[in-house]
Amino acid sequence: MDHHIQDEDVFTLKEAIGELSSKMPAIMKTYHSFTEECFKEGELTQKEKQLIALGVSLATQDEYCVHYHVTGCIDHGISPSQIREVSAVSAAVQAGAVMAQGATEVEWTLNLYEEGQMKQ
(Lines give C-alpha, C1' and ligand atoms only; values in the text may rest on other atoms or scores of the structure.)
Protein backbone atom coordinates (compact mmCIF):
# COMPACT_ATOMS: atom_id res chain seq x y z
CA MET A 1 0.00 0.00 0.00
CA ASP A 2 1.36 3.38 -0.99
CA HIS A 3 1.82 5.91 1.74
CA HIS A 4 1.45 9.56 0.92
CA ILE A 5 1.86 12.43 3.33
CA GLN A 6 -1.52 13.48 4.67
CA ASP A 7 -2.47 16.52 6.71
CA GLU A 8 -2.43 14.41 9.88
CA ASP A 9 1.14 13.32 9.06
CA VAL A 10 2.21 16.95 8.78
CA PHE A 11 0.49 17.65 12.08
CA THR A 12 2.36 14.70 13.63
CA LEU A 13 5.65 16.05 12.27
CA LYS A 14 4.89 19.48 13.73
CA GLU A 15 4.18 17.83 17.09
CA ALA A 16 7.44 15.87 16.86
CA ILE A 17 9.38 19.03 16.00
CA GLY A 18 7.73 20.74 18.98
CA GLU A 19 8.75 17.88 21.25
CA LEU A 20 12.31 17.94 19.92
CA SER A 21 12.34 21.71 20.46
CA SER A 22 11.47 21.19 24.12
CA LYS A 23 14.32 18.70 24.47
CA MET A 24 16.91 20.78 22.57
CA PRO A 25 15.64 24.36 22.73
CA ALA A 26 18.88 26.16 21.88
CA ILE A 27 19.66 23.99 18.88
CA MET A 28 16.13 24.06 17.52
CA LYS A 29 15.85 27.82 18.03
CA THR A 30 19.08 28.24 16.07
CA TYR A 31 17.83 25.86 13.37
CA HIS A 32 14.53 27.72 12.99
CA SER A 33 16.31 31.10 12.89
CA PHE A 34 18.69 29.77 10.25
CA THR A 35 15.93 28.42 7.99
CA GLU A 36 13.82 31.56 8.39
CA GLU A 37 16.80 33.69 7.37
CA CYS A 38 17.53 31.44 4.38
CA PHE A 39 13.97 31.77 3.07
CA LYS A 40 13.78 35.56 3.43
CA GLU A 41 13.61 37.62 0.25
CA GLY A 42 17.14 38.41 -0.89
CA GLU A 43 19.02 38.07 -4.16
CA LEU A 44 16.52 35.30 -4.85
CA THR A 45 12.79 35.77 -4.43
CA GLN A 46 10.84 33.63 -2.01
CA LYS A 47 9.20 32.05 -5.06
CA GLU A 48 12.60 31.05 -6.46
CA LYS A 49 13.65 29.72 -3.07
CA GLN A 50 10.52 27.54 -2.88
CA LEU A 51 11.30 26.10 -6.32
CA ILE A 52 14.86 25.30 -5.25
CA ALA A 53 13.67 23.80 -1.97
CA LEU A 54 11.18 21.60 -3.81
CA GLY A 55 13.87 20.37 -6.20
CA VAL A 56 16.21 19.52 -3.32
CA SER A 57 13.38 17.86 -1.38
CA LEU A 58 12.58 15.69 -4.36
CA ALA A 59 16.24 14.79 -4.92
CA THR A 60 16.70 13.84 -1.26
CA GLN A 61 13.33 12.01 -1.24
CA ASP A 62 12.10 13.85 1.84
CA GLU A 63 8.33 13.31 1.73
CA TYR A 64 7.55 15.85 4.43
CA CYS A 65 9.58 18.57 2.73
CA VAL A 66 8.13 17.71 -0.70
CA HIS A 67 4.63 18.18 0.69
CA TYR A 68 5.65 21.34 2.53
CA HIS A 69 7.38 22.94 -0.47
CA VAL A 70 4.69 22.00 -3.01
CA THR A 71 2.33 23.87 -0.70
CA GLY A 72 4.87 26.71 -0.45
CA CYS A 73 5.10 26.86 -4.23
CA ILE A 74 1.31 27.05 -4.55
CA ASP A 75 1.22 29.76 -1.87
CA HIS A 76 3.73 31.78 -3.93
CA GLY A 77 1.68 31.55 -7.13
CA ILE A 78 3.68 28.83 -8.84
CA SER A 79 1.52 26.91 -11.28
CA PRO A 80 1.03 23.14 -11.21
CA SER A 81 2.83 22.85 -14.56
CA GLN A 82 5.83 24.76 -13.15
CA ILE A 83 5.85 22.50 -10.09
CA ARG A 84 5.78 19.43 -12.34
CA GLU A 85 8.67 20.86 -14.34
CA VAL A 86 10.70 21.10 -11.12
CA SER A 87 10.04 17.38 -10.64
CA ALA A 88 11.45 16.65 -14.09
CA VAL A 89 14.53 18.83 -13.55
CA SER A 90 15.16 17.20 -10.18
CA ALA A 91 14.92 13.74 -11.81
CA ALA A 92 17.39 14.81 -14.51
CA VAL A 93 19.85 16.10 -11.91
CA GLN A 94 19.59 12.86 -9.93
CA ALA A 95 20.14 10.80 -13.09
CA GLY A 96 23.12 12.98 -13.96
CA ALA A 97 24.62 12.42 -10.53
CA VAL A 98 24.33 8.65 -10.91
CA MET A 99 25.81 8.80 -14.42
CA ALA A 100 28.71 10.95 -13.19
CA GLN A 101 29.48 8.45 -10.42
CA GLY A 102 29.28 5.60 -12.92
CA ALA A 103 31.62 7.37 -15.32
CA THR A 104 34.14 8.25 -12.63
CA GLU A 105 34.13 6.20 -9.42
CA VAL A 106 32.85 2.95 -10.95
CA GLU A 107 35.14 3.18 -13.96
CA TRP A 108 38.19 4.19 -11.91
CA THR A 109 37.64 1.26 -9.56
CA LEU A 110 37.07 -1.17 -12.44
CA ASN A 111 40.22 0.10 -14.16
CA LEU A 112 42.24 -0.61 -11.00
CA TYR A 113 40.76 -4.09 -10.82
CA GLU A 114 41.35 -4.82 -14.53
CA GLU A 115 44.94 -3.55 -14.29
CA GLY A 116 45.56 -5.90 -11.37
CA GLN A 117 46.09 -3.09 -8.88
CA MET A 118 43.13 -4.21 -6.84
CA LYS A 119 42.35 -7.70 -5.55
CA GLN A 120 38.96 -9.23 -4.96
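### Considering the packing of helix H3 (residues 46-59) against helix H5 (residues 80-114)
Next, step 1: Running from amino to carboxyl end, H3 crosses H5 at an angle of 50°, the nearest separation of the two axes being 9 Å. As far as their axial angle goes, H5 and H3 are oblique. Along this stretch, H3 crosses H5, giving a crossing that reads as right-handed. Packed against H3, whose contacting residues are Leu-51, Leu-54, Gly-55, Leu-58 and Ala-59, the element H5 presents Ile-83, Val-86, Ser-87, Ser-90 and Gln-94 at the interface.
Next, step 2: Here the residues of the contact of H3 with H5 are counted per class, giving six nonpolar, four polar and no charged.

### Side note on unusual backbone geometry
Next, step 1: Notably, Gln-61 is not glycine yet its phi reads approximately 60°, a positive angle.
Next, step 2: On the secondary structure map, Gln-61 appears in the loop between H3 and helix H4 (63-75).
Next, step 3: Given the relative accessible area of 67%, Gln-61 is considered exposed.

### A look at the nonpolar core
Next, step 1: One finds Leu-54, Val-66, Cys-73, Ile-78, Ile-83 and Val-86 forming the largest nonpolar core, which totals six residues.
Next, step 2: Those elements giving two or more residues to this core turn out to be H4 and H5.
Next, step 3: Excluding its chain neighbours within four sequence positions, the residues that come into contact with Cys-73 are Gln-50, Leu-51, Leu-54, Ile-78 and Ile-83.

### Some words on the confidence of the model for the chain
Next, step 1: Across the chain, the average pLDDT comes to 91, with 91% of residues at or above 70.
Next, step 2: In the model of the chain, helix H1 (residues 7-23) stands out as the element of lowest mean pLDDT, 80, in contrast to H3, which has the highest, 97.

### Description of the packing of H3 against H4
Next, step 1: Interaxial distance between H3 and H4 falls to 9 Å at its minimum, and their mutual angle equals 160°. In terms of axis orientation, H3 runs roughly antiparallel to H4. Considering the relative orientation of H3 and H4, their crossing is left-handed. Here Gln-50, Leu-51, Ala-53, Leu-54, Ser-57 and Leu-58 of H3 come into contact with H4, specifically with Cys-65, Val-66, His-69, Val-70, Gly-72 and Cys-73.
Next, step 2: Of the residues belonging to the contact of H3 with H4, the class tally is eight nonpolar, four polar and no charged.

### Brief notes about a nonpolar patch on the surface
Next, step 1: On the surface, a nonpolar cluster with roughly 250 Å² of combined accessible area is contributed by Leu-20, Met-24 and Ile-27.
Next, step 2: Residue placement: Met-24 occurs in the loop between H1 and helix H2 (25-38).
Next, step 3: For Met-24, a relative accessible area of 33% puts it in the partly exposed group.

### Let's talk about the environment of Lys-49
Next, step 1: By the secondary structure assignment, Lys-49 is in helix H3.
Next, step 2: Under the relative-accessibility criterion, Lys-49 is labelled buried at 15%.
Next, step 3: The spacing of Lys-49 and Val-89 is 40 residues in sequence and 15 Å in space, taken between C-alpha atoms.

### Observations regarding H2
Next, step 1: Between its terminal C-alpha atoms H2 stretches 20 Å, which fits the 20 Å expected from 14 residues at 1.5 Å a residue.
Next, step 2: The element H2 is barely covered by neighbouring structure, given that only one of its 14 residues are classed as buried.

Quick notes on the rules
- Residues numbered from 1 in each chain as written.
- Predicted model: local features only at pLDDT ≥ 70, side-chain atom pairs only at ≥ 80, totals over all residues.
- Heavy atoms only, no water.
- Axes fitted to C-alpha atoms, helices over the stretch in contact; angles between N-to-C directions.
- Helix = DSSP H or I, 4+ residues; strand = E, 2+ residues; numbered from the N terminus.
- Parallel < 35°, antiparallel > 145°, perpendicular 65-115°, else oblique.
- Left-handed = near helix turned anticlockwise from the far one by under 90°.
- Contact = heavy atoms within 4.5 Å.
- Nonpolar A, V, L, I, M, F, W, Y, C, P; charged D, E, K, R; others polar.
- Buried < 20%, exposed > 50% of the residue type's maximum accessible area, 1.4 Å probe, protein only.
- Core = buried A, V, L, I, M, F, W, Y, C linked by side-chain atoms within 4.5 Å.
- pLDDT = per-residue confidence, 0-100.
- Patch = residues over 30% accessible without salt bridge, like charges linked within 9 Å, V, L, I, M, F, W, Y side chains within 5 Å.
- Areas by Shrake-Rupley, 256 points an atom, 1.4 Å probe, with all protein chains shown as cover.
- Salt bridge = Lys/Arg side-chain N within 4 Å of Asp/Glu carboxyl O.
- Expected span 1.5 Å × (residues − 1).

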